[in-house]
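Architecture at a glance
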Amino acid sequence: MKVFGICASPRKNTTEYVLKIALDKLEENGFETEMFICQAKDIKPCMHCDYCLENKKCVIDDDMGSVYEGLQNSDGIILATPVQSGGVSSNLSAIMDRTRALEAVDYNILRGKIGMSIAVGGDRTGGQDFAHLKNITYFMIHGIIPVSGGPFGSNLGASFWSNDSLDDIKEDEYGIKSLNRTLREFENFLNKYI
Ligand SMILES: Cc1cc2nc3c(=O)[nH]c(=O)nc-3n(C[C@H](O)[C@H](O)[C@H](O)COP(=O)(O)O)c2cc1C
């Protein structure tokens, strides 16, 4: 089974660090993984030109092509975002909107896949849950089954406090606990439903 992880930070730092931990654990447990890193990638916002509805592809020729492939070929999807302005990054927001072109080709293309959310905030309570809710909403809209850490903690996904520092996120034991809980459910769902 294949898991596609999107690191939605505009740089390679704390979000990439925790997404890599997640993907490494999945690899150890027999999953094939691929990470798409937004850093230095060209992903333009959707222009709502409706070209995709007519022509079954997006009119914009940029790095979104790799995201389309990754999403489409995956069984599980991890959206890992830094918290920006109390929500997901603008990179991730653009990716979400541009998914429209995939469904113009095949309405069911993402349905039944399993999704999980990772949110990394500079602050302990900087909006991680709002970022999760956006990711979960995206999953719902596209028929992707969202998982969380379950009813006893990490209830919306894996939440990290970076304190704006790669050194400090490594000390966030509760964040790792929330990642492990969420990953366990993610793997359970992949094994049960895919
Ligand atoms: C434009 C911008 C907005 C941000 N807004 C928030 C925020 O609302 N809440 C928060 O906790 N951290 C916020 N941060 C801090 C980042 O979430 C934090 O530094 C995170 O670790 C960055 O992830 P990265 O290292 O993968 O880029 C913001 C950072 C930037 C650049």
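Read on for an overview of the structure. (Residues numbered from 1 in each chain as written. Predicted model: local features only at pLDDT ≥ 70, side-chain atom pairs only at ≥ 80, totals over all residues. Heavy atoms only, no water.)

So, about the overall build of the protein. Across its full length, the protein carries eight helices and six strands. Counting from the amino terminus, helix and strand elements in the protein follow one another as β-α-β-α-α-β-α-α-β-α-β-β-α-α. Relative to a compact globule of 194 residues, whose C-alpha radius of gyration would be 16 Å, the protein shows 16 Å and is just as compact. Seen along its three principal axes, the alpha-carbon backbone of the protein occupies a region of about 50 × 35 × 25 Å. Counting only residues that meet the buried cut, the protein has 51% of its 194 residues in that class. For the protein, restricting intrachain contacts to residue pairs at least 6 apart in sequence, the fraction spanning at least 24 positions comes to 77%. Here the protein has roughly 9300 Å² of accessible surface; of this, 48% comes from carbon and sulfur atoms. Computed over 20 positive and 27 negative side-chain charges, the inter-centroid distance for the protein is 3 Å. (Helix = DSSP H or I, 4+ residues; strand = E, 2+ residues; numbered from the N terminus. Rg over C-alpha atoms; globule rule 2.2 N^0.38 Å. Buried < 20%, exposed > 50% of the residue type's maximum accessible area, 1.4 Å probe, protein only. Contact = heavy atoms within 4.5 Å. Areas by Shrake-Rupley, 256 points an atom, 1.4 Å probe, with all protein chains shown as cover. Lys, Arg positive; Asp, Glu negative; His and termini not counted. Charge placed at Lys NZ, Arg CZ, Asp CG, Glu CD.)

A separate point is the pattern of salt bridges. Any two side chains of opposite charge can pair, on the condition that their charged atoms come close. One pass over the full model with this rule turns up seven salt bridges. Across the pair Asp-24 and Lys-20 runs a salt bridge whose closest N-O atoms are separated by 2.9 Å. Highlighted residues: Asp-24 and Lys-20, both in helix H1 (residues 14-28), separated by four residues, approximately one helical turn. Look at Asp-24 and you get partly exposed, because its relative accessible area is 35%. The class for Lys-20 is partly exposed, based on a relative accessible area of 42%. Among the ionic pairs, Arg-98 bridges to Asp-62, the shortest N-O distance being 3.0 Å. Of this pair, Arg-98 sits in helix H4 (residues 90-98) while Asp-62 sits in the loop between helix H2 (51-55) and helix H3 (64-72); the two residues are 36 residues apart in sequence, bridging distant segments of the chain. A relative accessible area of 2% places Arg-98 in the buried class. Judged by relative accessible area, which is 12%, Asp-62 ranks as buried. (Salt bridge = Lys/Arg side-chain N within 4 Å of Asp/Glu carboxyl O.)

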